[in-house]
Amino acid sequence: MRVQISSGQGPAECELAVGLLFKQLQRERTDIRLIQSVRGRNAGGYSSILFETEKDVRELEGSVLWVCKSPFRPEHKRKNWYIDVSMLEQLPDVAEDMQLCFETFRSGGKGGQHVNKVETGVRVIHIPTGISVVSTEARSQHMNKKLAINRLCDILSEKNLENRQKEKELAWLEHTRLERGNPVRIYEGMKFIRRK
């Protein structure tokens with residue numbers, strides 16, 4: 001499960017809360033693996049942190065409130081700093097599962113006396129996605145098979161790039177979606193002590 005902690009468009013105090021919450025979660029769970037972090041304006045602060053965990057952490061989804069006087073602006077009256085925790089959908093890599101089906105057929109075109117007598121055309125089907133590729137250019141079935149597999153790999157890697165781009169777009173949408181109020185957890189002070 002992929003989880004993103006985000007300060008939204010919040011100030012440096014919210015960014016510090018993102019770092020403090022991540023440290024707290026690391027103490028609570030031993031299976032957390034950091035994927036990406038975007039540093040904030042001050043030391044210890046993060047605009048967002050993306051991590052992975054094996055356990056179900058849906059109870060964290062929503063806003064988290066940190067009640068603390070600003071460590072950066074002592075005269076500031078505000079004490080409530082909100083951050084967002086979102087579960088992100090991870091799109092699978094399509095090239096991971098290379099279950100292929102090969103079909104051969106007679107292909108027209110160059111080939112002299114062997115045209116329409118030998119099955120040199122090759123169709124490769126990637127079973128999990130249904131994507132199929134045909135190659136009939138070469139004179140031999142073996143060469144057409146290589147060409148078709150190379151084309152299929154190119155299509156699958158392009159699909160993986162599209163999936164990564166979609167994941168980034170979804171993460172950015174979640175980053176800007178911070179709701180203030182009705183927190184799922186509340187922490188207080190610089191020691192980040194949990195109250196709810």
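Residues numbered from 1 in each chain as written. Predicted model: local features only at pLDDT ≥ 70, side-chain atom pairs only at ≥ 80, totals over all residues. Heavy atoms only, no water.

Going by an unreviewed UniProt entry, the protein carries the name Peptide chain release factor H and comes from [Clostridium] citroniae WAL-19142. Among the UniProt annotations of the protein, the heading Sequence similarities (unreviewed entry) holds the following wording: "Belongs to the prokaryotic/mitochondrial release factor family." (UniProt positions renumbered as here; feature names shortened; annotations may be inferred.)

Visitor: Talk me through the nonpolar core; I want residue IDs and the actual numbers.
Guide: Of all hydrophobic cores here, the largest spans 25 residues; its most connected members are I5, L21, L25, F51, W66, I83 and V85. Of all elements in the fold, only strand 1 (2–6), helix 1 (12–28), strand 3 (46–52), strand 4 (62–67) and strand 5 (80–88) reach the threshold of two or more residues within this core. The leading source of residues in this core is helix 1, at eight residues. Leaving out residues up to four positions away in the same chain, V85 has contacts with V3, Q4, L21, L60, E61, G62 and V64. Counting residues in each nonpolar core, the second largest holds seven residues, with V122, V124, L152 and L156 among its members. (Core = buried A, V, L, I, M, F, W, Y, C linked by side-chain atoms within 4.5 Å. Buried < 20%, exposed > 50% of the residue type's maximum accessible area, 1.4 Å probe, protein only. Helix = DSSP H or I, 4+ residues; strand = E, 2+ residues; numbered from the N terminus. Contact = heavy atoms within 4.5 Å.)

Visitor: If you had to explain the sheet that holds strand 8 (residues 131–135) to someone new, which residues and values would you point to?
Guide: Strand pairing in a sheet relies on backbone hydrogen bonds, with the paired strands running either antiparallel or parallel. Strand order in this open sheet of three strands is 6-7-8, and the pairing throughout is antiparallel. Each of the sheet's edge strands pairs with one partner strand only, and the pair in question is strand 6 (100–105) and strand 8. Between one strand axis and the next, the sheet turns through 20° on average, direction left out of account. As judged from the six bridges shared by strand 6 and strand 7 (residues 121–126), these two strands associate in the antiparallel manner. Within strand 7, the residue paired with F102 across the bridge is V124. (Pairing = 2+ DSSP bridges. Axes fitted to C-alpha atoms, helices over the stretch in contact; angles between N-to-C directions.)

Visitor: Break down the sheet that holds strand 4 for me, citing the residues and quoting the values.
Guide: Read across the sheet, seven strands follow the order 2-3-1-5-4-9-10 without closing on themselves; strand pairing throughout is mixed. Only two strands of the sheet have a single neighbouring strand rather than two, namely strand 2 (33–39) and strand 10 (193–194). As judged from the five bridges shared by strand 1 and strand 3, these two strands associate in the antiparallel manner. In the sheet register, Q4 faces strand 3, and the bridge partner there is L50.

Visitor: Lay out the pattern of salt bridges in plain terms, naming residues and giving numbers.
Guide: If you walk through the whole model with that rule in mind, you get eleven salt bridges. A salt bridge links R73 to E13; the nearest nitrogen and oxygen atoms lie 2.9 Å apart. With R73 in the loop between strand 4 and strand 5 and E13 in helix 1, this residue pair connects regions lying 60 residues apart in the sequence. Put simply, E28, R29, E59 and R185 are held in one network by salt bridges that share partners. (Salt bridge = Lys/Arg side-chain N within 4 Å of Asp/Glu carboxyl O.)

Visitor: Mind laying out the packing of aromatic side chains, listing which residues take part and the relevant values?
Guide: Using the criterion set out here, one finds three aromatic pairs in the structure. Look at W66 and F192: their rings are 6.1 Å apart centre to centre, the planes differ by 55°, and that puts the pair in the tilted class. You can see W66 sitting in strand 4 and its partner F192 sitting in the loop between strand 9 (185–188) and strand 10, a full 126 residues away along the chain. We note that W66, like F192, is buried. (Phe/Tyr/Trp six-rings, centres within 6.5 Å; stacked < 30°, edge-to-face > 60°.)

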